Amino acid sequence: MKALRQTLSRWMLAGGAWCATALAFAAPPVNDLPGGPAVNQLDLHPPVTAIAAEQRWLHYFVLFICLVIFIGVFAVMFYSIFKHRKSRGAKAANFHESTTVEIIWTVIPFLIVIFMALPATKAVVAMKDTSASDITIKATGVQWKWGYDYLKGEGEGINFVSTLDVTHREMSDAGQPKGDDYLLRVDNPLIVPVNKKIRIITTASDVIHAWMVPAFGVKQDAIPGFVRDTWFRAEKTGDFYGQCAELCGKEHAYMPIHVKVLSAEQYTAWVDGEKKKLAAKADDPNKLWSLPELVARGEKVYNANCVQCHQASGKGGGPVKALDGSSVVQDADKTKALAVILKGTDKGMPSWAAMSDTEIAAVTTFTKNHWSNATGQVVQPTEVAAARK
Amino acid sequence: MSAVLPHPADHGHDHAHDHPHGWRRWLYATNHKDIGTMYLLFSFAMFIFGGILALGIRAELFQPGLQIVNPHLFNQLTTMHGIIMVFGAIMPAFVGFANWMVPLQIGASDMAFARMNNFSFWLLIPAALMIVISFFMPGGAPAAGWTIYAPLTLQMGPSMDAAIFALHIMGASSIMGSINIIVTILNMRAPGMTLMKMPLFCWTWLITAYLLIAVMPVLAGAITMTLTDRHFGTSFFNPAGGGDPVMYQHIFWFFGHPEVYIMILPAFGIISAIVPAFARKRLFGYTSMVYATASIAILSFIVWAHHMFTTGMPVTGQLFFMYATMLIAVPTGVKIFNWVATMWRGSMTFETPMLFAVGFIFVFTIGGFTGLILAMAPIDIQLQDTYYVVAHFHYVLVAGSLFALFGGVYYWGPKWTGVMYDESRGKIHFWGSIIFFNVTFFPMHFLGLAGMPRRYADYPLQFTDFNVVASVGALGFGLMQVYFFLMVVLPMMRGRGAPAPQQPWEGAEGLEWEIPSPAPYHTFETPPRLNATATKVIGASATAAPHHA
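Residues numbered from 1 in each chain as written. Chains lettered and ligands numbered in written order. Predicted model: local features only at pLDDT ≥ 70, side-chain atom pairs only at ≥ 80, totals over all residues. Heavy atoms only, no water.

1. A few points about the overall build of chain B
Then, in step 1: Of regular secondary structure, chain B possesses 19 helices and 2 strands.
Then, in step 2: Rg of the C-alpha trace for chain B: 23 Å, near the compact-globule value of 24 Å for 549 residues, within the 12% margin.
Then, in step 3: Counting contacts in chain B only where the partners sit at least 6 residues apart, residues at least 24 apart contribute 81% of the total.
Then, in step 4: Carbon and sulfur atoms provide 71% of the accessible area of chain B, an area that totals close to 17,000 Å².
Then, in step 5: Seen as two clouds, the 22 positive and the 22 negative side-chain charges of chain B have centres 8 Å apart. (Helix = DSSP H or I, 4+ residues; strand = E, 2+ residues; numbered from the N terminus. Rg over C-alpha atoms; globule rule 2.2 N^0.38 Å. Contact = heavy atoms within 4.5 Å. Areas by Shrake-Rupley, 256 points an atom, 1.4 Å probe, with all protein chains shown as cover. Lys, Arg positive; Asp, Glu negative; His and termini not counted. Charge placed at Lys NZ, Arg CZ, Asp CG, Glu CD.)

2. A look at empty space enclosed by the protein
Then, in step 1: Per the stated rule, a full pass over the model turns up 7 cavities of 30 Å³ or more.
Then, in step 2: When its volume is computed, the largest cavity comes out at roughly 140 Å³.
Then, in step 3: Forming the boundary of the largest cavity are 14 residues, of which M127(A), K219(A), Q220(A), T230(A) and I381(B) lie nearest the centre.
Then, in step 4: For the lining of the largest cavity, the elements supplying multiple residues, two or more each, are β7 (218–222) and β8 (228–232) of chain A.
Then, in step 5: For the second largest cavity, the full set of lining residues is Y39(B), F87(B), M91(B), P92(B), V95(B), L124(B), M170(B), S173(B), S174(B) and M216(B).
Then, in step 6: Elements with a minimum of two residues in the lining of the second largest cavity: α4 (71–106) and α7 (159–187) of chain B.
Then, in step 7: Of the residues in the lining of the second largest cavity, the class split is 8 nonpolar, 2 polar and no charged. (1 Å grid on protein atoms, 1.4 Å probe; cavity = no way out; pocket = protein on both sides within 12 Å on 5 of 7 lines; lining within 4 Å. Points joined across faces, edges and corners; volume = space filled by probe spheres on them. Nonpolar A, V, L, I, M, F, W, Y, C, P; charged D, E, K, R; others polar.)

3. Some words on the interface of chain A and chain B
Then, in step 1: Taken together, the contact between chain A and chain B spans 106 residues of the former and 101 residues of the latter.
Then, in step 2: The contact between chain A and chain B buries some 8,800 Å² in all, and 70% of this surface belongs to carbon and sulfur atoms.
Then, in step 3: Run the count over chain A and chain B and you get 1 salt bridge.
Then, in step 4: Between K86(A) and E506(B) there is a salt bridge, and its shortest N-O distance comes to 2.6 Å.
Then, in step 5: The interface formed by chain A and chain B holds 38 residue pairs in polar contact (both at pLDDT 80 or more) in total.
Then, in step 6: In terms of residue count, helix α2 (residues 50–83) of chain A provides more of the side of chain A that touches chain B than any other element does, 17 residues in total.
Then, in step 7: Residue composition of the side of chain A that touches chain B, by class: 64 nonpolar, 23 polar and 19 charged. (Buried area = accessible area lost by both parts, 1.4 Å probe. Salt bridge = Lys/Arg side-chain N within 4 Å of Asp/Glu carboxyl O. Polar contact = N/O pair within 3.5 Å; in protein donor to acceptor, adjacent residues only side chain to side chain.)

4. Overview of a nonpolar patch on the surface
Then, in step 1: On the surface, I103(A), V107(A), F110(A), L111(A), I114(A) and L118(A) cluster together into a nonpolar patch covering about 550 Å² of accessible area.
Then, in step 2: Along the chain, L118(A) falls in helix α3 (residues 99–127). (Patch = residues over 30% accessible without salt bridge, like charges linked within 9 Å, V, L, I, M, F, W, Y side chains within 5 Å.)

5. Notes on the nonpolar core
Then, in step 1: Counting residues in hydrophobic clusters, the biggest one holds 277 residues, and the most contacted among them are W211(A), F216(A) and F87(B).
Then, in step 2: Considering each element in turn, this core owes the most residues, 21 residues, to α4(B).
Then, in step 3: Once residues lying within four places of it in the same chain are set aside, the contact partners of F216(A) are V48(A), T49(A), I51(A), A52(A), F232(A), A234(A), F240(A), V259(A) and V261(A).
Then, in step 4: Residues V307(A), W352(A), M355(A) and V384(A) belong to the second largest nonpolar core, which totals 18 residues. (Core = buried A, V, L, I, M, F, W, Y, C linked by side-chain atoms within 4.5 Å. Buried < 20%, exposed > 50% of the residue type's maximum accessible area, 1.4 Å probe, protein only.)

6. Observations regarding the sheet that holds strand β9 (residues 238–242) of chain A
Residue and element names in this part refer to chain A.
Then, in step 1: Spatially, the 3 strands line up as an open sheet ordered β4-β10-β9, and their pairing is mixed. Looking at strand neighbours, the two that pair on one side only are β4 (190–193) and β9, the edges of this open sheet. Strand-to-strand twist of the sheet, defined as the mean angle between neighbouring strand axes without regard to direction, takes the value 25 degrees.
Then, in step 2: Pairing analysis gives 5 bridges linking β9 to strand β10 (residues 257–262), with the strands arranged antiparallel. Within β10, the position partnered with G238 by the bridge is V261. (Pairing = 2+ DSSP bridges. Axes fitted to C-alpha atoms, helices over the stretch in contact; angles between N-to-C directions.)

7. Considerations on the sheet that holds β8(A)
Residues and elements named next belong to chain A.
Then, in step 1: Within the open sheet, the 5 strands sit side by side as β3-β2-β1-β5-β8. Their pairing is mixed. Looking along the sheet, the strands with just one partner apiece sit at the ends: β3 (159–162) and β8. The sheet shows a mean angle of 25 degrees between the axes of neighbouring strands, taken without regard to direction.
Then, in step 2: Looking at chain direction, strand β5 (residues 198–204) and β8 are connected through 5 bridges and run antiparallel. Bridged to I198 within β8 is F232.

8. Quick word on the environment of N31(B)
Residues and elements named next belong to chain B.
Then, in step 1: Within the element layout of this structure, N31 appears in the loop between α2 (23–27) and α3 (32–61).
Then, in step 2: Contact partners of N31, with chain neighbours within four places excluded, come to D110, Y521 and H522.
Then, in step 3: Within the local environment of N31, its side chain forms a polar contact with the backbone nitrogen of K33, the two atoms lying 2.7 Å apart.

9. A word on the packing of aromatic side chains
Then, in step 1: Scanning all chains against the criterion turns up 75 aromatic pairs over all chains.
Then, in step 2: A centroid spacing of 5.0 Å and a plane angle of 65 degrees characterise the contact between W304(B) and F321(B), whose relative ring orientation is edge-to-face. On the criterion of sequence distance, the pair formed by W304(B) in the loop between α11 (286–299) and α12 (315–327) and F321(B) in helix α12 is long-range, its members being 17 residues apart.
Then, in step 3: On the basis of an interplanar angle of 70 degrees and a centroid distance of 4.9 Å, the ring pair of F430(B) and W431(B) is categorised as edge-to-face.
Then, in step 4: In this structure F430(B) comes out as buried when scored by relative accessible area, which is 3%.
Then, in step 5: The cationic tip of R169(A) hangs over the ring face of Y254(A); the distance from NZ or CZ to the ring centre is 4.0 Å. (Phe/Tyr/Trp six-rings, centres within 6.5 Å; stacked < 30°, edge-to-face > 60°. Lys NZ or Arg CZ within 6 Å of the ring centre and 35° of its normal.)

10. Some points on the pairing of strand β2 (residues 145–152) of chain A
Regular strands show a simple pattern: their side chains alternate between the two faces of the sheet.
All names here are of chain A.
Then, in step 1: Looking at chain direction, strand β1 (residues 135–142) and β2 are connected through 7 bridges and run antiparallel. Looking at the pairing, K138 lines up with D149 of β2.
Then, in step 2: As judged from the 4 bridges shared by β2 and β3, these two strands associate in the antiparallel manner. Among the inter-strand pairings, G147 is bridged to a residue of β3, identified as V161.
Then, in step 3: The loop that links β2 with its antiparallel partner β3 comprises 6 residues; one of these, G153, has a positive phi angle of about 90 degrees.

11. Things to note about helix α17 (residues 423–449) of chain B
Residue and element names in this part refer to chain B.
Then, in step 1: Along its 27 residues, α17 runs 39 Å from first to last C-alpha, staying within 8% of the 39 Å computed at 1.5 Å per residue.
Then, in step 2: At V439, α17 is deflected by roughly 25 degrees, the largest bend along its length, and proline P443 occurs up to four residues later in sequence.
Then, in step 3: At the C-terminal side of α17, G451 shows a positive phi close to 95 degrees. (Expected span 1.5 Å × (residues − 1). Bend = angle between axes of the 7 residues up to and from the residue.)

12. Description of the packing of α4(B) against helix α8 (residues 200–231) of chain B
Residue and element names in this part refer to chain B.
Then, in step 1: Axis separation between α4 and α8 bottoms out at 11 Å; the angle between their running directions is 140 degrees. Put simply, α4 runs oblique to α8. Judged by the sense of rotation from one axis to the other, the crossing of α4 with α8 is left-handed. Every residue of α8 that contacts α4 at F87, M91, F94, V95, F97, A98, M101, V102, Q105 and I106 is listed here: F201, C202, W205, L212, M216 and L219.
Then, in step 2: When grouped by side-chain class, the residues that make up the contact of α4 with α8 number 15 nonpolar, 1 polar and no charged. (Parallel < 35°, antiparallel > 145°, perpendicular 65-115°, else oblique. Left-handed = near helix turned anticlockwise from the far one by under 90°.)

13. Quick word on helix α10 (residues 357–368) of chain A
Residues and elements named next belong to chain A.
Then, in step 1: With 12 residues, α10 extends 16 Å between its outermost C-alpha atoms, agreeing within 8% with the 16 Å of an ideal straight helix rising 1.5 Å per residue.
Then, in step 2: Within α10, 11 of the 12 residues are buried, which leaves it mostly tucked inside the rest of the structure.
Then, in step 3: When we look at burial in α10, the residues that qualify are D357, T358, I360, A361, A362, V363, T364, T365, F366, T367 and K368.
Then, in step 4: Elements that come into contact with the buried residues of α10 comprise α6 (291–305), α8 (327–330), α9 (334–343) and α11 (381–388).

14. Comments concerning the pattern of salt bridges
All names here are of chain A.
Then, in step 1: Applying the stated criterion across every chain yields a total of 18 salt bridges over all chains.
Then, in step 2: Taking the shortest distance from any N to any O, the salt bridge between E383 and K334 comes out at 3.1 Å. One end of the pair, E383, is in helix α11; the other, K334, is in helix α9, with 49 residues separating them in the sequence.
Then, in step 3: Given a relative accessible area of 28%, E383 falls into the partly exposed group.
Then, in step 4: A relative accessible area of 22% places K334 in the partly exposed class.
Then, in step 5: Each member of the salt-bridge network shares a partner with another, and the members are R169, D173, K250 and E251.

15. Describing unusual backbone geometry
Residues and elements named next belong to chain B.
Then, in step 1: Residue P151 is reached from A150 by a cis peptide bond, and omega for that bond is 0 degrees.
Then, in step 2: Note on placement: P151 falls in the loop between α6 (124–133) and α7.
Then, in step 3: Along the chain, S517 connects to P518 via a cis peptide bond; the corresponding omega equals -10 degrees.
Then, in step 4: Mapping P518 onto the fold places it in the loop between α18 (464–493) and β1 (529–530).
Then, in step 5: If you check the backbone angles, I148 has positive phi at about 30 degrees while not being a glycine.
Then, in step 6: As for its position among the elements, I148 is in the loop between α6 and α7.
Then, in step 7: We classify I148 as buried; its relative accessible area is 2%.

Function cannot be read off these values alone, since they describe shape.
This is how it looks when you write it as structure tokens:
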């Protein structure tokens, strides 16, 4: 027994030392992220909207009531545990069944619950009031990115896709994460003006996702085939972060939400810039491109849309087919590769028909002339247009 | 009733001395004690398997970045951990307790339907095998969460179908077990054991059994529709064909919320047996405990959509489900108050069963309070699908159901095996479990408040420290359960240890303490005569127990 005890204590010492080492060395350096999580944050995010402030107040309110009851009940229990124990000579009393007592401790909690429900009711009603918004934006959850369409208000017509920064996904795979905004940095943040009521309409194109920004007190499932809405009115400018909050498959942890709140003037300037870019981006579908031009453009398209599954190496992985060395990609009949991109496959490749002819031409040309695929084939936008028919 | 009752009694006399031995004893088992033992061992095996999956999860989350598993395997681990712990560990463990204790507590000779009892146990084995094998099927195990939400289920591989089939089988097993328990309790009580004199464990199981019969078919419906959506072109939940994924959630949680109470009500029953025994004082409010249990069961049917506040319900829907959910705090509070009042001015000792009972009351109450906080729809919007929820349901399921089960094993184990466990080992198990439990799950409240979503294989660096603490705690908690098996369960099963007296606990009351330890193979073959409170056998008929297995 003594030997066992010694072994046990040695093990526990070793375990303790190991934990301490792990704590001291393993954690990469990190600072608070304003608008995102703070290091070892203990509470809800600092509120940036009235709703989030209301939620935080409600949480304190309920937590306080719970703590008071908790302390009261367990003061009694632990007093009893220390006083009414046999080893202290306590003799068991013989009282039981008191309807009066039972009624008292049924009615009082009932009243407390009503007391708690009243302010909560007010908050629910306020949260659900999405009417009279200044700007309406549709957030579409797609495995595993967010699409944003500005439907109404200043900026109407702008749309873009917001994806996790590729380097963060690579850091994750390598097991070597770095940075205060690790897993939260996206290529295109959602831009909104300060002090305006923003209505977010959520939907999804494949499975259920959830659009959440803790600092705004907003979380709304994005459900395929259905449209739901929520709203916020940010009272501060700055960057605010959230993550997808409904299990949506393999890359669930890798589709963050980044909202940049700008002043009214900055927002107007941003909208003007986007409108100009939109006009410039509208490529002439009849333009004939050179091979290097198309490859350069196609690389951008590939990195924005394809790299998550097919990988930078073009090797794919798991159910995702390799592009490097693929007979379909290398086939002299260009319509074969185009058909896959435009229609998708029943094995999981989605249809990319929503991209413009130029983008599809570029990315197809890129894949036909990258890695070991040196076909020299050029796919022009006009050929894509023909393949669509 | 008269047509049913004499039959098992006749049977017992015929075969009392020649029950099968060797493997036949177990495969053909019709004895409630043998079947109870098998249920308990099965559930412990699944508990260890589910625990290993949990340690896989915690190992991956020990550090940010992916080190051990890829995200797809990670989702398989969380999904299967949940399914196995709910359907393979906690539920069968309580059925094992019911098999052992219900006949002993009501003075019945066995369960009402002995062969169906055998069948409902053995159905679990193929179901469990199918679930374990699913990890080796193409595409791996199901990875859509234990709630298997549509339409993510449509993207799963063939293992999803295996899991659906397994859930169907386990559901059938549960329903048969429930029918058995209900019929046993309603028809086979000894004369004088009126319903309102029945031990609370039987009461909570009676109510639980009705819940099971009510909701297991609902789950069966939901997963069958999932199956036909996957293979036969229906579109119940598939939005591509006009189906409604939210409808799946309504149906699932109409099962899922009563399911939560299925896993906690029998635990209340065990605690209600242990606390009076070690306080040496009667349960303060027996009647109100029965009513509180029934109220919780009824309320459990009208609160399901509090799991769905973020799906975008209308205002009235959110308000209704918020109010109804908050109401559950009232009967649950009544239970806590009654246990504390039972302890008050008792003469308490703190053997391991009592430690687990007090630990249960203390830690389960924390889980109850976080449940109340989550019930508030505006706060739930912040906390839904974060680690706060993970912390909450582990406080009620681990510190609730599991601790009650442990308490029950220490309390009734001497009766089952005829051997006392080693008290200091029991205490090590208790303190190790409750400390490591809190080290594991308490930091998750903070992670949830800070917005860390659940079911994430990787997380922002700000969440690192609490995840490290949780992972270290989980490893400790897992090792404590191995310790429990090796140092407590095994010695008792092998008969190593001090022989247990018929009545090992000074203050315990009930018919199970009127028979020798270990409980003879057949008990109460003739209905016992009971005293006025139905806690003691009058005359020598039961204690004599002439034959021993």
